[in-house]
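Breakdown of the fold
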Amino acid sequence: MSGLALAKKNLQLRECKTFSERLECTAAELEELLREKFSVGTFVAWQIQNIVWGKFDGGKFSSNVDDWLEVRLFNAEAEIHLKRTGKIFVGRFIRDEAGTGNFYVDSFARLWGERTASEDGWITLTDEPRKISMTLPCADGGKNFYGLLTRNYIGSDEATGLSGYVDYRFVAIEPADWDGD
């Protein structure tokens, strides 16, 4: 189901088996840690002055990790999410597998801007009124708008019995044009 089709439907509770691991590393260890957990994926890194999107294929990053404040490396099966805390990065690795035991809901949110360019697996979204643009690693599906598919994990508090989202991860960048019902 495409991202936009998902956004137009009622949220659906689904089940999988989820593995989660706490991670901690220095900036010098970061690339090795990411290579250990991922062979391919999409990454987004937040810097003080910028947000950088890229593709990861097990090699070097196109952006200097020393400038990263936060990073997410993701694909359809897993995600690493790390935030800089002083001189170290702290976060988690989460991976989904076939099976049961964990519940989730997928959701979709359109990214700002309209596609103004595309080249070799990259698209540029531009928001003309705000005079901003960003280039994303995404095959051009011939659509004008794109969005982010996220997976939201559900958990319950044993003391109160209340349930809600306990974590979420990025899954994919997908077209967000509406072609009707």
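The shown structure was predicted, so the numbers you read here are calculated from the model rather than taken from an experiment.

Digging into the pairing of strand 9 (residues 132–137)
- As judged from the six bridges shared by strand 8 (residues 122–127) and strand 9, these two strands associate in the antiparallel manner. Among the inter-strand pairings, Asp127 is bridged to a residue of strand 9, identified as Ile132.
- Taking the residues between adjacent antiparallel strands as the criterion, strand 8 and strand 9 are bridged by four residues, where Lys131 takes a positive phi near 60 degrees.

Side note on the pattern of salt bridges
- With the rule as written, the count across this model stands at 14 salt bridges.
- Residue Arg151 is joined to Asp106 by a salt bridge in which the shortest nitrogen-to-oxygen separation is 2.7 Å. With Arg151 in strand 10 (residues 146–156) and Asp106 in strand 6 (residues 88–110), the pair connects residues that are 45 residues apart, well separated along the chain.
- On the basis of relative accessible area, Arg151 is assigned to the buried category, the value being 11%.
- The residue Asp140 makes a salt bridge to Arg115 at a minimum N-O spacing of 3.4 Å. With Asp140 in the loop between strand 9 and strand 10 and Arg115 in strand 7 (residues 114–119), this pair connects stretches of sequence that are 25 residues apart.
- On the accessibility criterion, Arg115 (22% relative accessible area) is partly exposed.
- One salt-bridge network, held together by shared partners, links Arg72, Glu79, Arg92 and Asp167.

So, helix 2 (residues 27–37)
- Taken residue by residue, helix 2 has Ala27, Leu30, Glu31, Leu33 and Leu34 as its buried positions. Buried residues of helix 2, viewed axially, fall in a sector of 165 degrees; they line one side. Structural note: helix 2 exposes Ala28 and Glu36 on the side pointing more than 90 degrees away from its buried face.
- Buried residues along helix 2 sit against strand 1 (14–26), strand 3 (51–56), strand 4 (70–74), strand 5 (78–85) and strand 6.

Digging into the pairing of strand 7
- Bridge count between strand 7 and strand 8: five bridges; the pairing is antiparallel. Looking at the pairing, Glu119 lines up with Trp122 of strand 8.
- The antiparallel pairing of strand 7 with strand 8 creates a hairpin that spans two residues between the two strands, and Asp120 there sits at a positive phi of about 45 degrees.

Reading the values: rules and limits
Each chain carries its own residue numbering, running from 1 in the written order of its sequence. Whole-chain, interface and lining totals are the exception, using all residues; otherwise, since this is a predicted model, local features are given only for residues with pLDDT of at least 70 and side-chain atom pairs are given and counted only at 80 or more. Hydrogens and waters are ignored; side-chain quantities use all the structure's heavy atoms. Two strands qualify as a pair provided that DSSP identifies no fewer than 2 bridges between them. Comment: elements are numbered from the N terminus, with helices defined as DSSP H or I runs of at least four residues and strands as E runs of at least two. By definition here, a salt bridge exists when the distance from a side-chain nitrogen of Lys or Arg to a carboxyl oxygen of Asp or Glu is within 4 Å. The buried label goes to any residue with under 20% of its type's maximum accessible area, the exposed label to any with over 50%, and the partly exposed label to all in between, with areas taken from a 1.4 Å probe on protein chains only. Our arc is simply the arc of the directions from the helix axis toward the C-beta atoms. Whether two residues are in contact is decided by their heavy atoms: any pair within 4.5 Å suffices.

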